[in-house]
Amino acid sequence: MKFRTPEMTPIVYNARGLKMFLHLRGTALQHCWLRVLLVGLIGVPLVLLKHFDVFDLSIGVTAHTLIGFVMSLMLVFRTNSCYERWRDGRVLLGQLVNRSRNLVLNACVLLSGDATKVEFFRRKIQSLAAAYVFAVKNNLQFLPSAANLDELLTDTDFAFLTSQADLKTMPQMCALWLEQAINQAFLEDLVSEYSCSTPPRFTCPPGE
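K.L.:
I would appreciate a short explanation of the overall build of the chain in the present structure.
P.N.:
For the chain, the helix and strand inventory stands at six helices and zero strands. Tracing the chain from N to C terminus, the helices and strands come up as α-α-α-α-α-α. In the chain, buried positions account for 22% of the 208 residues. In the chain, 61% of the contacts between residues at least 6 apart in sequence involve partners at least 24 apart. Summed over all atoms, the accessible surface of the chain reaches about 16100 Å², with 64% contributed by carbon and sulfur.

K.L.:
It is not clear to me how the nonpolar core should be interpreted in this structure. Could you clarify?
P.N.:
Counting residues in each nonpolar core, the largest one holds 29 residues, and the members touching the most others are L111, I125, L149, L161, C174 and L178. Mapped by element, the contributors of at least two residues to this core are α3 (61–110), α4 (115–140) and α6 (170–187). The dominant element in this core, judged by the number of residues it contributes, is α4, at ten residues.

K.L.:
How should the pattern of salt bridges be read in this particular structure?
P.N.:
Opposite charge on two side chains lets them pair, provided their charged atoms get close. On inspection of all chains with the given rule, the structure shows three salt bridges. Between K117 and E188 there is a salt bridge; the shortest N-O distance is 3.7 Å. With K117 in helix α4 and E188 in the segment after α6, this residue pair connects regions lying 71 residues apart in the sequence. For R123, the salt bridge is made with E119, and the minimal N-O distance between the two is 3.1 Å. Of this pair, R123 and E119 both sit in helix α4, four residues apart, which is roughly one turn of the helix. Judged by its relative accessible area of 36%, E119 falls in the partly exposed class.

K.L.:
Whenever I open this one, the environment of R101 confuses me. Can you help?
P.N.:
Here R101 lies in helix α3. Since its relative accessible area comes to 43%, R101 is described here as partly exposed. For the pair formed by R101 and Q126, sequence separation is 25 residues and the distance between their alpha carbons is 9.2 Å.

K.L.:
Hey, could you run me through α4 in this one?
P.N.:
Helical periodicity: at 3.6 residues per turn, an α-helix aligns residues three or four positions apart in one direction. Taking 1.5 Å per residue, 26 residues should reach 38 Å; α4 reaches 38 Å between its end C-alpha atoms and fits that length. Looking at where α4 begins, the residue whose side-chain oxygen comes 3.2 Å from the main-chain nitrogen of T116 is D114. F142, located one to two residues past α4, shows a positive phi value of around 55°.

K.L.:
Explain the side chain of T154 to me, please; I cannot follow it from the model alone.
P.N.:
Locating T154 in the fold gives a position in the loop between α4 and α5 (155–164). On the accessibility criterion, T154 (6% relative accessible area) is buried. There is a polar contact of 3.1 Å between the side chain of T154 and the side chain of D157.

K.L.:
Is there a simple way to think about the packing of α3 against α4 in this case?
P.N.:
The angle between the axes and the distance between the axes are what describe a pair of packed helices. Across the interface, α3 lies against α4 with an axial gap of 9 Å and an inter-helix angle of 170°. As summarised for this structure, α3 and α4 are arranged roughly antiparallel, according to the angle between their axes. Between α3 and α4, the residues in contact are L96, S100, L103, V104, A107 and C108 and R122, I125, Q126, A129, Y132 and V133, respectively.

K.L.:
What exactly am I supposed to notice about the packing of α4 against α6 here?
P.N.:
Packing of α4 against α6 brings their axes to within 8 Å, and their N-to-C directions diverge by 165°. Taken together, the axes of α4 and α6 lie roughly antiparallel to each other. When the axes of α4 and α6 are compared, the crossing they make is left-handed. When α4 is examined against α6, the residues F121, K124, I125, L128, A129, A131, Y132, A135, V136 and N139 are found in contact with a partner set consisting of M170, P171, C174, A175, W177, L178, A181, I182, Q184 and A185. Its residues placed into classes, the contact of α4 with α6 shows 17 nonpolar, two polar and one charged.

Reading guide: rules and limits
Residues numbered from 1 in each chain as written. Predicted model: local features only at pLDDT ≥ 70, side-chain atom pairs only at ≥ 80, totals over all residues. Heavy atoms only, no water. Helix = DSSP H or I, 4+ residues; strand = E, 2+ residues; numbered from the N terminus. Buried < 20%, exposed > 50% of the residue type's maximum accessible area, 1.4 Å probe, protein only. Contact = heavy atoms within 4.5 Å. Areas by Shrake-Rupley, 256 points an atom, 1.4 Å probe, with all protein chains shown as cover. Core = buried A, V, L, I, M, F, W, Y, C linked by side-chain atoms within 4.5 Å. Salt bridge = Lys/Arg side-chain N within 4 Å of Asp/Glu carboxyl O. Expected span 1.5 Å × (residues − 1). Polar contact = N/O pair within 3.5 Å; in protein donor to acceptor, adjacent residues only side chain to side chain. Axes fitted to C-alpha atoms, helices over the stretch in contact; angles between N-to-C directions. Parallel < 35°, antiparallel > 145°, perpendicular 65-115°, else oblique. Left-handed = near helix turned anticlockwise from the far one by under 90°. Nonpolar A, V, L, I, M, F, W, Y, C, P; charged D, E, K, R; others polar.

In structure tokens form, the structure reads like this:
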């Protein structure tokens, strides 16, 4: 049975040069450019009308001061909320990385017995752990549910997984299948006696 590993290209971070200011991905401009354009189209004619003494719709400085003060408070609270969500995401990502790494390490060290079965379960646990991570990424980024999974799983496993799950249930299906593979290794007495007495649960909530 052939297991494949997806080709990973590293992300190059280069903060030097003017290209950093021309990147639109990850900025708020790609979400609000239409509103900015609309405000500009409305504001330019009004400024021209005032400039040529045709019509004057100017507002006093007091209104701008009050509105600016309220908006500054809203931006501060919004920034704090965004930072908390970003920090929580980093914590959960770290937990996911640590648990996936520990699971694969345990599969490589604690499985013993028939060489063919041990190699099969090691490869299966490794591929399903990686598939779970990619399924979570696809779910969070609203990408196709099977993106990159065909490079991790065998053709048979990939066909079965895509037929049983959609975008929302793909991570749960990968985690369930991974837990079943671990339980099957326990039932076939492939796990060392000194490892643990009960099968581990990959799907347990953080902090448990």
